[in-house]
Each structure stands twice: as structure tokens, then as C-alpha cells.
Amino acid sequence: IVEAIKRASKPNFRIVHFTIQVDHLHLIVEADDAESLAGGMKGLLCRVARGLNKAWQRTGAVFPRRFHDFALRSIRAARNALVYVLNNHHKHGVALQRRGWSRRPDEFSSGKYFDGWEDHEQEYSPDQPGAYVAKGGWKLTIGWRKHYPLIRIDERPGRLPAPHAVTTS
């Protein structure tokens, strides 16, 4: 699946972040237009289906429905999407199975390429050769940080954390 994600990114269709769950994927993608989004997703889903069918030694449809898309129209929506995708394993209760008690991003996500963790250093850069993800645009890289706190490894998808308290002497 990761190799399919890596090969699906094109100049007009970029996979910025992903998480692979037991029975589904979540992606944050950027596309130049609706046609690029549709074509990029079709290419990705075909690659994933081919790979899974080969691994499962079977043929036929893997994805019963079309993908669901949601436009990130605000910087708050961008941050919420980052939390949802990068920490989705918490929502599905698989964090302990996958990571033990470690304080690292989910190994089946693009979290190691993310530089917006409050409590973890970025391991790899999207700019390096062979990266699985593309560097995102302004909302996904800079915009959300101007108004919201960095994302915690243990933050659960669903709502923004309480604002950080600032005290002065």
C-alpha cells in the first residue's frame, strides 16, 4: 500500500499524509483541480487493489465504493484533518497493538514525515528522495500553526485540544 501511495503522487496530485488502518485508508491529498483529484485517486486505488489482490492471491474488486472527499476550506479544518489522519489509530483502538507504549507516530502512517508534532521530532523530510509523501501547501504546513498548537502524539481525533496556558510572573 505504501509503495502504491509513493507511486501515485504526480505534479497535479500529491498525497501529503496517510494512515493505513485494518480495513480502510485515510489520506490528505492536494490536487490542482477536480479532474486531477479523480484521476489521481483512480490511479491510487487501482495500484492498491492490484497489490492487495496479488498479496491475497485473488482477483476482483477491492474497494466496493468510491472514495469520499472533503475540502479543507479553513486552517482549522486542515489541523483537524492532520490530527484525524495522523492519529487515527487512537480512534480505532489499535495504538497499543501497533506501537506498544512508545511515544512515536503510528508506523502505518506518514507521521514520521510530519514536522508539526509537539512531542516528537520529525524523522524524515518529504523533500528527500524516495519519500512516501509530498510537501503540502500553505494550510497544511504553515497556516494551521499560526493559530493552533502543535499536535500531540496522543491527541485523539475529534476536537481541538484545550489552549495552552500562558503564565507570566
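A tally of regular secondary structure across the protein gives six helices and two strands. Secondary structure elements of the protein, listed N to C terminal, follow the sequence α-β-β-α-α-α-α-α. Out of the 169 residues belonging to the protein, those deemed buried represent 40%. Put simply, of all contacts in the protein between residues at least 6 apart along the chain, 59% involve residues at least 24 apart. With an accessible surface of roughly 10,500 Å², the protein has 53% of that area assigned to carbon and sulfur atoms.

So, about the pattern of salt bridges. According to the stated counting rule, one finds six salt bridges in the structure shown. We note a salt bridge from E3 to R7, for which the minimum N-O separation is 3.1 Å. Taken together, the residues E3 and R7, both in helix α1 (residues 2-8) and four residues apart, mark about one turn of the helix. With its nearest N and O atoms 3.3 Å apart, the salt bridge here joins R14 to D32. One end of the pair, R14, is in strand β1 (residues 13-20); the other, D32, is in the loop between β2 (25-31) and α2 (34-56), with 18 residues separating them in the sequence. By relative accessible area, which is 19% here, R14 ends up buried. For D32, a relative accessible area of 52% translates into the label exposed. The network of salt bridges with shared partners includes R14, E30 and D32.

This part is about the side chain of T19. Tracing the backbone shows T19 in strand β1. Look at T19 and you get buried, because its relative accessible area is 0%. There is a polar contact of 2.7 Å between the side chain of T19 and the side chain of Q21. Contact partners of T19, with chain neighbours within four places excluded, come to H24, L25, H26, V85, N88, D106, F108 and S109.

Moving on, we get to the packing of aromatic side chains. What describes a pair of aromatic rings is the distance from one ring centre to the other and the angle between the planes of the rings. Applying the stated criterion across every chain, the model contains four aromatic pairs. Between Y113 and Y132, the aromatic rings sit 6.2 Å apart at their centres with planes inclined by 70°, giving edge-to-face as the arrangement. Linking Y113 in the loop between α5 (95-99) and α6 (138-141) with Y132 in the loop between α5 and α6, this pair joins segments that are 19 residues apart in sequence. Overall, Y132 belongs to the partly exposed group, its relative accessible area being 25%. Among the aromatic residues, those joined into a ring-pair cluster are Y113, Y124 and Y132.

Mean pLDDT for the protein: 85, with 86% of residues reaching 70 or above. pLDDT under 50 marks residues 162-169. Its contacts with residues more than four places away, or in other chains, come to two contacts.

With that settled, the discussion passes to the pairing of β2. By the alternation rule, side chains of β2 split into H26, I28 and E30, which are all buried, and L25, L27, V29 and A31, of which none is buried. Bridge count between β1 and β2: seven bridges; the pairing is antiparallel. Residue H17 lies in a different strand from β2, and its bridge partner there is I28. Between the antiparallel neighbours β1 and β2 lie four residues.

How each quantity is defined
- Residues numbered from 1 in each chain as written.
- Predicted model: local features only at pLDDT ≥ 70, side-chain atom pairs only at ≥ 80, totals over all residues.
- Heavy atoms only, no water.
- Helix = DSSP H or I, 4+ residues; strand = E, 2+ residues; numbered from the N terminus.
- Buried < 20%, exposed > 50% of the residue type's maximum accessible area, 1.4 Å probe, protein only.
- Contact = heavy atoms within 4.5 Å.
- Areas by Shrake-Rupley, 256 points an atom, 1.4 Å probe, with all protein chains shown as cover.
- Salt bridge = Lys/Arg side-chain N within 4 Å of Asp/Glu carboxyl O.
- Polar contact = N/O pair within 3.5 Å; in protein donor to acceptor, adjacent residues only side chain to side chain.
- Phe/Tyr/Trp six-rings, centres within 6.5 Å; stacked < 30°, edge-to-face > 60°.
- pLDDT = per-residue confidence, 0-100.
- Pairing = 2+ DSSP bridges.

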